Amino acid sequence: MDYLLDQAPGAPIRSGIPEHGRIPKYYAVKAHVSLLIEELGEGGMLPTERDLAVRYEVSRETVRQALRELLLEGRLARQGRGTVVAGPKLEQPLSLASYTEGVRRQGRTPGRHLIGLEKFPCPAALASETGVEQGEPVWHLERVLLADDDRVGLESTYVSVARVPDLDTEFDPDSSFYAYLHDRLGISFGDADERIETVLATPREALLIGTPPALPMLLLHRISRDASGQPLERVRTLFRGDRFSFTAHLGARG
């Protein structure tokens with residue numbers, strides 16, 4: 001089997017082949033299927049595991065391992081009993097723009113499905129992040145994130161009841177929370193701190209998003225402040241690792 005050494009911008013050095021030149025068979029199959037993906041284009045149907053095994057002269061388990069990695073990377077997707085080439089990942093900007101704005105910018109239709117909205121006494125761990133005293137009421141808004149009706153994430157927002165007292169009656173849970181704060185309440189965002197890590201979803205989270213528990217997730221923590229520097233919200237958002245990438249513009253420090 002010929003090993004692929006072509007180097008594309010952003011690709012692993014020497015296509016991920018170790019310096020000693022020996023690579024697992026599944027990785028060689030993965031490299032060949034990657035080229036096939038480019039040829040087929042978005043929505044193209046991949047040959048069966050049996051056909052790929054015959055084509056590349058390997059076992060079906062070797063093909064299966066290669067396809068598993070491509071599925072986890074979001075380059076392939078299951079469709080019925082077959083496998084198709086997935087579309088490009090959604091690019092979410094690391095900025096104070098809302099999820100709604102980021103998805104619309106890419107020509108997709110954003111949406112949210114309400115899981116729950118409840119108020120509860122603020123625990124000590126959330127007090128400083130939401131700008132309330134321990135024991136004062138805070139809202140917890142939990143929603144599944146949608147893109148063209150596909151479930152792509154899960155968002156939990158914590159905000160002081162005193163800041164948004166009528167959230168349960170005035171706010172449309174399918175709409176942008178940031179737009180509600182700005183347009184309805186006149187609250188503008190000032191700045192935010194964000195932290196991103198990779199995690200596996202809990203069984204409950206995987207069920208709500210509709211993914212296998214083993215699928216890697218991108219977990220974003222955000223603490224936002226208003227224009228006057230007062231704490232405003234604490235957000236915990238899970239994004240599907242096979243459907244999202246994050247972008248940011250970096251400038252030189254003065």
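Residues numbered from 1 in each chain as written. Predicted model: local features only at pLDDT ≥ 70, side-chain atom pairs only at ≥ 80, totals over all residues. Heavy atoms only, no water.

1. Brief notes about the overall build of the chain
In terms of helices and strands, the chain carries 8 helices and 10 strands. Counting every position in the chain, which comprises 254 residues, the buried fraction comes to 43%. For the chain, restricting intrachain contacts to residue pairs at least 6 apart in sequence, the fraction spanning at least 24 positions comes to 57%. Within the structure as shown, the chain displays about 14,200 Å² of accessible surface, and the carbon and sulfur contribution to it stands at 51%. (Helix = DSSP H or I, 4+ residues; strand = E, 2+ residues; numbered from the N terminus. Buried < 20%, exposed > 50% of the residue type's maximum accessible area, 1.4 Å probe, protein only. Contact = heavy atoms within 4.5 Å. Areas by Shrake-Rupley, 256 points an atom, 1.4 Å probe, with all protein chains shown as cover.)

2. Quick look at the pattern of salt bridges
Inspection of the entire model under this criterion finds 21 salt bridges. Note that Glu155 is salt-bridged to Arg112, the shortest N-O span being 3.7 Å. Of this pair, Glu155 sits in strand S6 (residues 150–160) while Arg112 is found in strand S4 (residues 110–121), placing the two residues 43 residues apart along the sequence. Per residue, the accessibility class of Glu155 equals that of Arg112, and both read buried. Of the charged contacts, one joins Glu194 and Arg222 as a salt bridge, the two residues approaching to 2.5 Å between their closest N and O atoms. On the criterion of sequence distance, the pair formed by Glu194 in strand S7 (residues 189–200) and Arg222 in strand S8 (residues 216–226) is long-range, its members being 28 residues apart. Judged by its relative accessible area of 31%, Glu194 falls in the partly exposed class. A single salt-bridge network, built from bridges that share partners, covers Glu49, Arg60, Glu61, Arg64 and Arg68. (Salt bridge = Lys/Arg side-chain N within 4 Å of Asp/Glu carboxyl O.)

3. As for the sheet that holds S4
As summarised here, the arrangement of the 6 strands in space is S4-S5-S6-S9-S8-S7, forming an open sheet in which the pairing is antiparallel. Where the open sheet ends on each side, the last strands, each with one partner, are S4 and S7. Ignoring which end each strand starts from, the neighbouring axes of this sheet average 15° apart. Contacts from helix H7 (residues 177–185) reach strand S5 (137–147), S6, S7, S8 and strand S9 (231–240) within the one sheet, and its direction differs from that of S9 by about 155°. (Pairing = 2+ DSSP bridges. Axes fitted to C-alpha atoms, helices over the stretch in contact; angles between N-to-C directions.)

4. Quick notes on the environment of Val58
By the secondary structure assignment, Val58 is in the loop between helix H2 (49–56) and helix H3 (60–72). For the pair Val58 and Tyr26, spaced 32 residues apart in the sequence, the C-alpha separation amounts to 8.5 Å.

5. Notes on the side chain of Ser156
By the element assignment, Ser156 lies in strand S6. Ser156 gets classed as buried once you look at its relative accessible area, which sits at 9%. Side-chain polar atoms of Ser156 contact the side chain of His140, separated by 3.2 Å. (Polar contact = N/O pair within 3.5 Å; in protein donor to acceptor, adjacent residues only side chain to side chain.)

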